[in-house]
Amino acid sequence: MSDEHGGHEKAGIFRTYVWSTNHKMIGKQFLVTSFVFLFIAGFLVLSLRWQLANPGKPVPVLGRLIFATAEQREKAPKDIADAEKELAAAKDDAAKKKAQENLDNANKRAAGLGAVNDQQFIMLTSMHGSLMIFFVIIPILVGAFGNFLIPLHVGTHDMAFPILNAASYWVFWLACVFAIAGFAVEGGAASAGWTMYSTLSELGGPGQTMWLISLTLVGFSSIMGAVNYLTTILKMRAPGLSMWRLPLTTWAQFITAVLQLLATPVLAGALIMLSCDRLLGTHFFTPGGLMATYVPQPHSGGNVLLWQHVFWFYSHPAVYILVLPAMGMASDLLAVGARKAIFGYKAMVYSITAIAGLGFIVWAHHMFMSGMKPGLGTAFMISTMLIALPSAIKVFNWLGTLWRGSIRFDTPTLNALSFVSMFIIGGLSGIFMAATPVDIFIHDTYYIVAHFHYVVFGGSLFAVFGAVFFWFPKMFGRMMNPMLGKLHWFLSFVFFNLTFFPMHIIGAGGHMRRVQIGDYDWLAPFHSWNVFITHSAIVLGFSQILFVFNFFWSMYKGKPAEANPWQSNTLEWSIPSPAPEHNYHVIPEVYNGPYEYGVAGDKEYLPQTEKSAGPPAAH
Amino acid sequence: MSHADAAAAHGHDGGEDHAVTFERARFGMWLFIASEIMMFGAFIAVYIVLRMSMPQEVVDYSKEVLSHTFHLALINTFILIASSYTVVRGVNAMSKGNKGHCEDMLILTAALGLLFLVLKGVEYAAKFDHGIGPSHNVFFSCYFLMTGFHGLHVLIGVILLPWCAFYVEKFDAHHYAHVENLALYWHFVDVVWIFLFPIVYLL
Ligand code: HEM
Ligand SMILES: [Cu+2]
C-alpha cells in the first residue's frame, strides 16, 4: 500500500494534470474550465447589454475586433477618403450636396463599426444562455463539486469508475472545443436562442450544427458522470454511513444524478433528431409547406411543437440540475455557519426528491403561449404550482436552521444567505409565471429573464461562490482571502440586485426579451432603465475579477489551511488539507449524522468520525 | 498497478475484492441501460406522436413499401432472439469456468449480430434503390432513425463481443464482469428490437 503511494508520487505531469483519473483533479479541471467559460459568456452578455444601452454605438475596446469583419475595417477609411475626394472635386451645388451626404454616410458607418448588429445580437443571447447553463453552472455544480465532494463525503478513495470519470471530463472538453469553434464558422455561432426552437434552428447556418454537436457531447459527459456518482454513493459508502447520515450536499448530488441519468438522454435524443433534420433531411420538427424568405423548403410534415415538448421535457428537469446541488451545498454552509443542526434534515431530503420528481411533469409551463391546447395549460399550471410546496419547505427549513443560531458572518455564510434570499425572490416570480393568465402577459419578456437570473445567478452562482470559498482549503491546502471574499460578495450582491431587479419592472412593462432595442419604437421609454441595468451589469461583471484574482492568488499565497478550518463535522474535514491523493488512509468509521452542532460535552461540534460521549443535549 | 484506477478498485488496503468490483460494474451497467431506455423512449415517443397525426394515405403507402422487405425483418427478429440465447450460454459457461465454451458462444453471438446487420443492410439497400431515404417522408424519417440507432447498437455489440472473447482467457473464474455486462447490453439491444419490430413493421 505504501508502495502504491510511492507510485503515485512519481506520476508524471501528464498523468497528474491532464489524463488524471483522480476525482479531485477532475473536479478541479471542471472548475477551472467553467471559470474560463464564465468569463467568455460574461463578455458576450456585456456586449449585448452595451448595445441595449447604446444602440448603434460600437462596443468599447474589443468591439471593432470582434463585431466587425476585417473587410469592413479596411473599407471604412477608404470610403471616407473616397467621399472626401469626391467632395473636393465636386463642381456645382447639387454635386457638393450629394458628395457631402456620401461623406456623412461613410463617417456614420465608420463610427458604428464594431456595434452589434441584429444577427450578432441574437447570437449573443443564444450563446450566452447556452454557455452559462451547459458550460458554467452544470459543470461547476455537478462536474466540479460533484466530483470533488462525493468520494470525500461517502468516505472512499475515488469514484467507482475512475477512467469513465476522466472520460467524462475529456468528452466535456471536446464539447467546449465545438462550442468555441462555432464562433468561427460561416455565419457565426448558433442563434436560435438557447432553447433552439424549430423552425429557426432548422434553418440556421453551420453554427447551429456545431452547437448541436457540442451539446450532444455535453449530454454524454453528464450521463457518464451520473453513472459514476450514483454507483459511488450507493455502493461505496464507508461503514456506518447510512444514506440518512449523508450530508445534504451529497444527497442533492444523488438526486441530481438521477435527473441527469434519466433526463439528459432525452435531450440527447432530441438533439440527434434535430441534427438529422439538418443533416439528413428528415422531418421530425419541420412543418409541412415551410417557406423561408419566400423559398419553399424541402422538408415537410413534422411537428414544430414536438421540439418544444421534447426540449422542455429535458430542460425543466435541467433547471433543477442547475439548482439542487446548490441547495445542498448552501444547506451545509448554513449549518456550519449557524453552528446548528439542519432543521428538518429528512424533510430537506424528501423535498429535494419531490422537486426532482415533480420536475418531470411540469415542462409545458414554458409553452403556455406556444399554441398548445389551453386545457393542457391548466394541468401544467397546477403541477407547476405544486413545486412551490417542496421549495417552500426548503426555504422554511433554512430559516429554521438559522433561527437562534450563533451565525458567523464569514464569506461562505454570507453567500449562502444570499442564495436563500435570492432563491425566495426567484421562486416567488416563478409562481406568478406559473399562473397561465399572468404568463400570457409576461411570457417572453424581461420578467422571465429576471426570474431565472434570480434562481440561477442569485441562487446557484452565489452558492458556488460560497462553496468555492468553503472547500478551497480542502482543494488547495490554503485559505482564500476573507477580505477580498467579502468585498466580492458585497459588490456582487448589490450589483446583482441592481442589475436584475429592474428587469421585473421593465418586463411587466412589456419589454420583450431577445430583441435589439434600436429596432422598436415602443421600447424607447425603457431606455433609461436599460442604461441603468447596463451600468450595474458592467460593475457586476468586473467585480468577478476579484473572485478569480482571489482564487488564483490564494492558491499560491493564501494562508496555509488546517485540517478543519470551519469546525465542520463531515468526513472530508477529518483528513489533512489539501486532501491527500487517496483521501483516506484507512476508510473511516462513521458514528453520527453530519449536523451534530451545539451538542453537549466539551465539544461544540461532533465530527462524524467521533463517538459521542453521552446522549445529545435536548434543545 | 499503481494508477488510481487500481487503487480504487482494490481498495487502498486491499480490503475490497473482486466480488465488490463486479457488483459495482454490474450496477453501473444497469444505470447505463436506464439512460439508454430514456433515449430510445424519446425516439419512440416522437414516433408515436408523429404517427398519430400522419395522414392515412402516408401510413398506407409507407406500410406498403415496408411490406416488401417484411420477411427480412422477421428473420432478423429470430436471429436476435437466438443470439440472446447464445450469449446466455456464454455467461453460463464462464460461471462454470469453461472458458473455451464461453469464447465460442461470444463469437457465435457476434456472428448472429453480424448476420442481422447484413440483412438490415439488404433491407436498407432495397429502400435506397427506390430512392427512399430518411428524407422521403415522416414515416421513413422515424423508420431510419429508430432502426438506424438500433443497428448502431448492434454494431457496437458486434465489435465488443469478439474483443471480450479475446480476453476471456485472462479473466479468473470470479471476475467476469465484462462478460456479464456485455451480455446485459446484448439483451438490452435485443429487447429494443422486440419493441421496434411490432411498432414499425406490424402496427
Ligand atoms: C418555485 C419554483 C419555480 C416555478 C414555479 C417556476 C416557474 C417557471 C415558469 C412558469 C417559467 C416559464 C415562463 C415563461 O417562459 O413564460 C419559468 C421559466 C424559467 N425558469 Fe422557472 N420556476 C421555478 C424555479 C426555477 C428554478 C429553481 C430555476 C433554475 C435554477 C428556474 C429556471 C428557469 C429558467 C431558466 C426559465 C426560462 C427558460 C427560457 O424560456 O429561457 N426556475 N419558470
Ligand atoms: Cu420550467
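Residues numbered from 1 in each chain as written. Chains lettered and ligands numbered in written order. Predicted model: local features only at pLDDT ≥ 70, side-chain atom pairs only at ≥ 80, totals over all residues.

Undergrad: Tell me what's going on with the overall build of chain A, and back it up with residues and numbers.
TA: If you tally the helices and strands in chain A, you get 20 helices and 2 strands. Computed over C-alpha atoms, the radius of gyration of chain A comes to 26 Å, within 12% of the 25 Å expected from 2.2 N^0.38 for 619 residues, which places it in the range of a compact globule. Overall, chain A is about 105 × 60 × 45 Å in size when its C-alpha atoms are taken along their principal axes. Per-residue burial over chain A gives 53% buried out of 619 residues. Put simply, of all contacts in chain A between residues at least 6 apart along the chain, 79% involve residues at least 24 apart. (Helix = DSSP H or I, 4+ residues; strand = E, 2+ residues; numbered from the N terminus. Rg over C-alpha atoms; globule rule 2.2 N^0.38 Å. Buried ≥ 20, exposed ≤ 12 C-beta atoms within 10 Å, placed from the backbone. Contact = placed C-beta atoms within 7 Å.)

Undergrad: Would you mind going over helix α14 (residues 345-358) of chain A in detail, with residue names and values included?
TA: Residue and element names in this part refer to chain A. Compared with an ideal rise of 1.5 Å per residue, which puts 14 residues at 20 Å, α14 spans 20 Å between its outermost C-alpha atoms and is within 8% of the ideal. Here α14 has its buried residues at Y345, M348, V349, S351, I352, I355, A356 and L358. Summarising the contacts, the buried residues of α14 are in contact with α11 (248-279), α12 (304-321), α13 (324-338) and α15 (374-402). (Expected span 1.5 Å × (residues − 1).)

Undergrad: Lay out the site of ligand 1 in plain terms, naming residues and giving numbers.
TA: All names here are of chain A. Around ligand 1, 22 residues are found, and the nearest of them are V319, V323, G430, H443 and F452. Breaking the shell around ligand 1 down by element, the ones donating at least two residues are α15, α16 (411-434) and α18 (446-476). Taken together, the residues of the shell around ligand 1 break down into 12 nonpolar, 9 polar and 1 charged. (Near = placed C-beta within 6 Å. Nonpolar A, V, L, I, M, F, W, Y, C, P; charged D, E, K, R; others polar.)

Undergrad: Could you give an account of the domain arrangement of chain A, naming the residues involved and the relevant values?
TA: One frequent convention defines the size of an interface as the accessible area lost when the parts assemble. When its domains are assigned, chain A resolves into domain 1 (13-56 + 114-557) and domain 2 (69-111). Placing a centre on the C-alpha atoms of domain 1 of chain A and another on those of domain 2 of chain A gives a separation of 48 Å. (Domains from an automatic or database assignment.)

Undergrad: Could you give an account of the packing of α11 of chain A against α14 of chain A, with specific residues and numbers?
TA: All names here are of chain A. In the contact formed by α11 and α14, the axes pass within 10 Å of each other and the chain directions differ by 20°. The orientation of α11 with respect to α14, classified from their angle, is roughly parallel. Along this stretch, α11 crosses α14, giving a crossing that reads as right-handed. In this structure, α11 uses L248, W251, A252, I255, V258 and L259 to contact α14, whose residues at the interface are M348, V349, I352, T353 and A356. When grouped by side-chain class, the residues that make up the contact of α11 with α14 number 10 nonpolar, 1 polar and no charged. (Axes fitted to C-alpha atoms, helices over the stretch in contact; angles between N-to-C directions. Parallel < 35°, antiparallel > 145°, perpendicular 65-115°, else oblique. Left-handed = near helix turned anticlockwise from the far one by under 90°.)

Undergrad: Now, about α15 of chain A: what can you tell me, with residues and values included?
TA: Residue and element names in this part refer to chain A. The terminal C-alpha atoms of α15 lie 43 Å apart, and with 29 residues this matches the ideal 42 Å at 1.5 Å per residue to within 8%. Listed as buried for α15 are G377, F380, M381, T384, I387, P390, S391, K394, N397, W398 and T401. Tucked into the core, α15 has its buried residues touching α13, α14, α16 and α17 (436-442). A positive backbone phi angle near 60° is found at R404, which sits one or two residues after α15.

Undergrad: Any chance you could break down the environment of T69 of chain B for me, citing the residues and the numbers?
TA: Mapped onto the elements of the fold, T69 of chain B is located in the loop between α3 (56-67) and α4 (70-95). When near neighbours in sequence (up to four residues on either side) are disregarded, T69 of chain B contacts E123 and A126 of chain B.

Undergrad: Account for the interface of chain A and chain B, with residues named and values stated.
TA: The interface of chain A with chain B comprises 39 residues on the first partner and 31 residues on the second. Mapped onto the side of chain A that touches chain B, the elements with two or more residues apiece are α1 (2-9), α8 (162-181), α10 (206-235), α11 and α12 of chain A. Among the elements that make up the side of chain A that touches chain B, the one with the highest residue count is α11 of chain A (9 residues). Here the side of chain A that touches chain B is built from residues that sort into 22 nonpolar, 14 polar and 3 charged.

Undergrad: Got a sec to walk through the confidence of the model for chain A? Specific residues and values, please.
TA: All names here are of chain A. Residues of chain A with pLDDT of at least 70 account for 95%, and the chain-wide mean is 91. Ranking the helices and strands of chain A by mean pLDDT puts helix α19 (residues 482-508) first, with 97, and α1 last, with 41. pLDDT under 50 marks residues 1-9. Its contacts with residues more than four places away, or in other chains, come to 7 contacts. (pLDDT = per-residue confidence, 0-100.)

Undergrad: Explain the environment of R513 of chain A to me, and be specific about the residues and the numbers.
TA: Residue and element names in this part refer to chain A. With respect to the helices, strands and loops of the structure, R513 is situated in the loop between α19 and α20 (527-557). A tally of 16 C-beta atoms within 10 Å means that R513 is categorised as partly exposed. Each C-alpha atom, one on R513 and one on G302, is 28 Å from the other, the two residues being 211 residues apart in sequence. Setting aside chain neighbours within four positions, we find R513 in contact with D444, T445, Y446, I448 and V449.

Undergrad: Please provide a residue-by-residue account of unusual backbone geometry, values included.
TA: Residue and element names in this part refer to chain A. Cis geometry is found at the peptide bond from S198 to T199, where omega equals 10°. Looking at the element boundaries, T199 is found in the loop between α8 and α9 (200-203). With omega at -10°, the peptide bond leading from S577 into P578 counts as cis. If you trace the backbone, P578 turns up in the segment after α20. We note that V61 has phi near 65°; this positive angle belongs to a residue other than glycine.

Undergrad: Outline the nonpolar core, listing residues and values.
TA: The biggest cluster of nonpolar side chains holds 231 residues, and the ones touching the most others in it are V266, A270, L322, L324, A330 and I352 of chain A. Among the elements that take part in this core, helix α7 (residues 118-154) of chain A stands out by supplying 23 residues, more than any other. Ignoring any residue separated from it by four or fewer positions in sequence, one finds A270 of chain A in contact with W307, V310, F311 and Y314 of chain A together with A42 of chain B. (Core = buried A, V, L, I, M, F, W, Y, C linked by C-beta atoms within 7 Å.)

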